[in-house]
Amino acid sequence: MPILSVIIPTHNRARYAIPSIKSILEASAEIEVVVCDSSEIDLISPEFESSSERNRIRFVKTNSSFSVVDNFNAALEIATGEYFVFLGDDDFVSSKIVDVALWAKSNCIDAVKFTFPALYYWNDFSSNTRWRAEGSTLSISNYAGVANKYNPIDALENAMENFGSGVLDMPRAYAGMISRSLSDSIRKKYGNLFGGVSPDIYSAALISVEAKKCARLDYPIVIPGASGASTSGLSAKGKHVGGLRDNPHIGAFKNLIWDLRIPEFYSVYTVWSYSLLKAVELMPSYSEKLNFSRLYIKCFLYERSYTKFTLQSFSTYRKRIGLWSFSNRMLGALASEVKAVFFKLLSRSKFIRNEESTIVICDLPNAFIAHQALEKYLRSEAKSLKLDPI
């Protein structure tokens with residue numbers, strides 16, 4: 001049994017997946033790579049048929065109609081490692097990831113939350129909104145190089161209070177690390193590790209409740225990639241929003257019953273909220289902590305083209321909890337969002353002031369080449385990774 005399985009669900013994105021897989025194979029001989037491919041045409045496995053590393057890759061070809069959640073769950077079925085890391089097909093990892101898995105095992109840690117001081121932007125990445133990065137670059141910001149123990153329940157409650165804001169600080173299977181034993185216990189209790197319509201936040205909620213010992217590690221271990229076709233790439237172009245039922249991501253979920261309290265349009269806020277809601281519904285003691293009002297404020301402020309849908313959900317929720325309680329919650333949510341925006345602007349101005357300390361490595365057209373550049377940097381310039389007992 002390998003110490004670590006790096007699991008990559010993919011769909012029609014061989015141009016990203018192939019260099020990323022090669023980079024992960026190069027990172028360590030102790031990694032098993034699991035590729036779950038729901039593409040119409042298999043362009044990935046033939047690339048590795050004659051590879052000397054073929055025995056470390058496990059391929060499963062799933063149905064092209066599979067949803068992203070189905071693909072994640074199918075990939076999990078064939079992974080054999082003691083620890084799991086799920087990645088997007090445009091992400092990669094540093095070679096220290098095996099050290100982290102061995103350290104987690106020796107310290108009985110069943111979930112590791114990674115920070116992301118290193119980010120990679122593919123050659124087709126472009127931005128016309130908030131992103132400052134250019135394509136074919138690897139950016140590396142400051143990091144401490146140490147791990148600390150933390151309470152995942154606090155992280156879950158923060159995500160519920162900031163409903164619609166995403167995973168935030170919850171431990172994750174996607175772009176995080178979890179033990180096989182934790183995955184098995186969640187599946188036994190809840191049926192699947194992944195659910196909703198966004199596998200990362202659904203699984204993060206279950207992991208937060210069921211993990212016995214969590215750590216947060218501030219070091220470039222998982223390097224998220226932003227490609228032109230990715231969620232982050234579409235967000236950077238201002239295109240990650242639209243009608244719900246005609247969206248290809250949502251369209252793969254057959255017989256989807258949408259919750260009336262969530263505005264029925266496609267955006268990061270609504271997809272995140274629906275998926276967190278579906279996880280929390282499995283844990284009734286947490287359900288009252290979901291702050292729907294915060295979601296509505298976000299939709300009203302940032303997705304004004306879909307105000308009609310937000311008003312419909314707004315009305316449904318108001319009728320359920322009563323006008324007085326609803327009014328108080330909306331006022332509180334508005335104040336919280338204004339405060340969050342203030343601190344985000346403050347953080348952004350601090351980032352701009354500290355931008356000179358960010359390392360940017362250019363002319364890196366794919367993840368394989370970017371991985372080599374990162375490893376060179378980590379060997380020569382960076383802080384060492386300290387994995388002390390916790």
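Structural notes, computed from the coordinates. Throughout, a residue's number is its position along its own chain's written sequence, starting from 1. Local features in this predicted model are restricted to residues whose pLDDT is 70 or higher, and side-chain atom pairs enter the listing and the counts only when it is 80 or higher, whereas totals over whole chains, interfaces and linings include all residues. To get the side-chain values, take all heavy atoms of the structure and skip hydrogens and water.

## A short note on the nonpolar core
Working step 1: To define a nonpolar core, start from buried Ala, Val, Leu, Ile, Met, Phe, Trp, Tyr and Cys residues and group those joined through side-chain atoms within 4.5 Å. Each residue's exposure class comes from its accessible area (1.4 Å probe, protein chains only) as a fraction of the maximum for that residue type: buried when under 20%, exposed when over 50%, partly exposed otherwise. One finds F86, I207 and L276 to be the most contacted residues of the largest nonpolar core, which totals 65 residues.
Working step 2: Where helices and strands are cited, they refer to DSSP runs of H or I of at least four residues and of E of at least two residues respectively, numbered from the N terminus. Broken down by element, this core gets its largest block of residues, eight residues, from helix α9 (residues 268–280).
Working step 3: Not counting the four nearest positions on each side in its chain, F86 is found in contact with I7, P9, F72, A75, L76, A173, Y174, A175, G176 and F194. Contact definition: two residues touch when any of their heavy atoms are within 4.5 Å.

## Here we look at the pattern of salt bridges
Working step 1: Salt bridge, as used here, is a side-chain nitrogen of Lys or Arg placed within 4 Å of a carboxyl oxygen of Asp or Glu. Applying the stated rule across the entire model yields 18 salt bridges.
Working step 2: Salt-bridge contacts for E281 lead to R261; the nearest nitrogen and oxygen are separated by 3.9 Å. With a gap of 20 residues between them, E281 in the loop between α9 and α10 (292–302) and R261 in the loop between α8 (248–251) and β15 (265–266) connect regions that are remote in the sequence.
Working step 3: Here the residues in one salt-bridge network are D259, R261, K278 and E281, joined through shared partners.

## Here we look at the sheet that holds strand β7 (residues 118–121)
Think of a sheet as strands paired side by side through backbone hydrogen bonds, with each pair either parallel or antiparallel.
Working step 1: The pairing criterion for strands is at least two bridges between them, as found by DSSP. Taken in spatial order, the four strands of this open sheet run β13-β7-β8-β16, and their pairing is mixed. Each having just a single partner strand, β13 (225–226) and β16 (359–361) make up the two edges of the open sheet.
Working step 2: For β7 and β13, the ladder comprises two bridges, and the chain directions are parallel. Bridge pairing in β13 places Y121 opposite A226.
Working step 3: Only the contacting stretch of a helix is used when fitting its axis, a line to C-alpha atoms as for every element, and angles between N-to-C directions run 0 to 180 degrees. Strands in contact with helix α13 (residues 367–380) are β7, β8 (137–140) and β16; relative to β8, the strand with the most contacts, it is inclined by about 35°.

## Section: the sheet that holds strand β4 (residues 83–86)
Working step 1: Read from one edge to the other, the open sheet built from eight strands follows the order β3-β2-β1-β4-β10-β6-β11-β9, with strand pairing classed as mixed. A single partner strand is all that each edge strand has here, and the edge strands are β3 (57–61) and β9 (147–150). Strand after strand, the sheet turns through a mean of 20° between neighbouring axes, direction not considered.
Working step 2: Sheet topology places strand β6 (residues 111–114) next to strand β10 (residues 177–179); two bridges connect them, and they run antiparallel. Its bridge partner being in β10, V112 is matched across the sheet by M177.

## Points about the packing of helix α4 (residues 152–161) against helix α6 (residues 199–210)
Working step 1: It is the contact of α4 with α6, at a shortest axis distance of 8 Å, that shows an interaxial angle of 140°. When you trace α4 past α6, the crossing you get is left-handed. For the pair α4 and α6, contact is made by P152, I153 and L156 and by A205, S208 and V209, respectively.
Working step 2: Ten residue types, Ala, Val, Leu, Ile, Met, Phe, Trp, Tyr, Cys and Pro, are classed as nonpolar, four, Asp, Glu, Lys and Arg, as charged, and the remainder, Gly among them, as polar. Partitioning the contact of α4 with α6 into residue classes produces five nonpolar, one polar and no charged. What makes a crossing left-handed is the near helix being turned counterclockwise from the far one by less than a right angle; a clockwise turn instead makes it right-handed.

## Describing unusual backbone geometry
Working step 1: Even without being glycine, L168 reaches a positive phi, approximately 50°.
Working step 2: Turning to its location among the elements, L168 is positioned in the loop between α4 and β10.
Working step 3: For D363, which is not glycine, the phi torsion reads 60° and is therefore positive.
Working step 4: Counting through the fold element by element, D363 comes out in the loop between β16 and α13.
Working step 5: Its relative accessible area of 69% is what places D363 among the exposed residues.

## Some details on the pairing of strand β2 (residues 31–37)
Working step 1: Along β2, seven of the seven residues are buried, which leaves the element largely enclosed by surrounding structure.
Working step 2: Of the two faces of β2, both are covered, the one formed by I31, V33, V35 and D37 as well as the one formed by E32, V34 and C36.
Working step 3: Note that strand β1 (residues 4–10) and β2 share seven bridges and pair parallel. Directly across from I8, in β2, lies its bridge partner V35.
Working step 4: As a crossover connection, the stretch from β1 through helix α1 (residues 14–27) into β2 is right-handed.
Working step 5: Here β2 pairs with β3 via five bridges, running parallel. Bridged to V35 within β3 is F59. Look down the strands so they point away from you; if the path from the first strand over the helix to the second goes clockwise, the crossover is right-handed.

## Some details on the layout of surface pockets
Working step 1: A cavity here means a set of 1 Å grid points, computed over protein atoms only, where a 1.4 Å probe fits but cannot escape. A pocket is an open set with protein on both sides within 12 Å along at least 5 of 7 lines, and lining residues have an atom within 4 Å of a point. Grid points are joined across faces, edges and corners, and a volume is the space filled by probe spheres set on the points. Space inside the second largest pocket adds up to approximately 260 Å³.
Working step 2: Along the wall of the second largest pocket there are 16 residues; nearest its centre are G196, F253, K254, L256 and Y274.
Working step 3: Sorting elements by how many residues they give to the lining of the second largest pocket places helix α2 (residues 68–78) first, with three residues.

## Comments concerning the pairing of β1
Working step 1: The buried fraction of β1 amounts to seven of the seven residues, a majority that puts the element mostly inside the structure.
Working step 2: Of the two faces of β1, the one lined by L4, V6, I8 and T10 and the one lined by S5, I7 and P9 are each fully buried.
Working step 3: With four bridges joining them, β1 and β4 adopt parallel strand pairing. Among the inter-strand pairings, S5 is bridged to a residue of β4, identified as F84.

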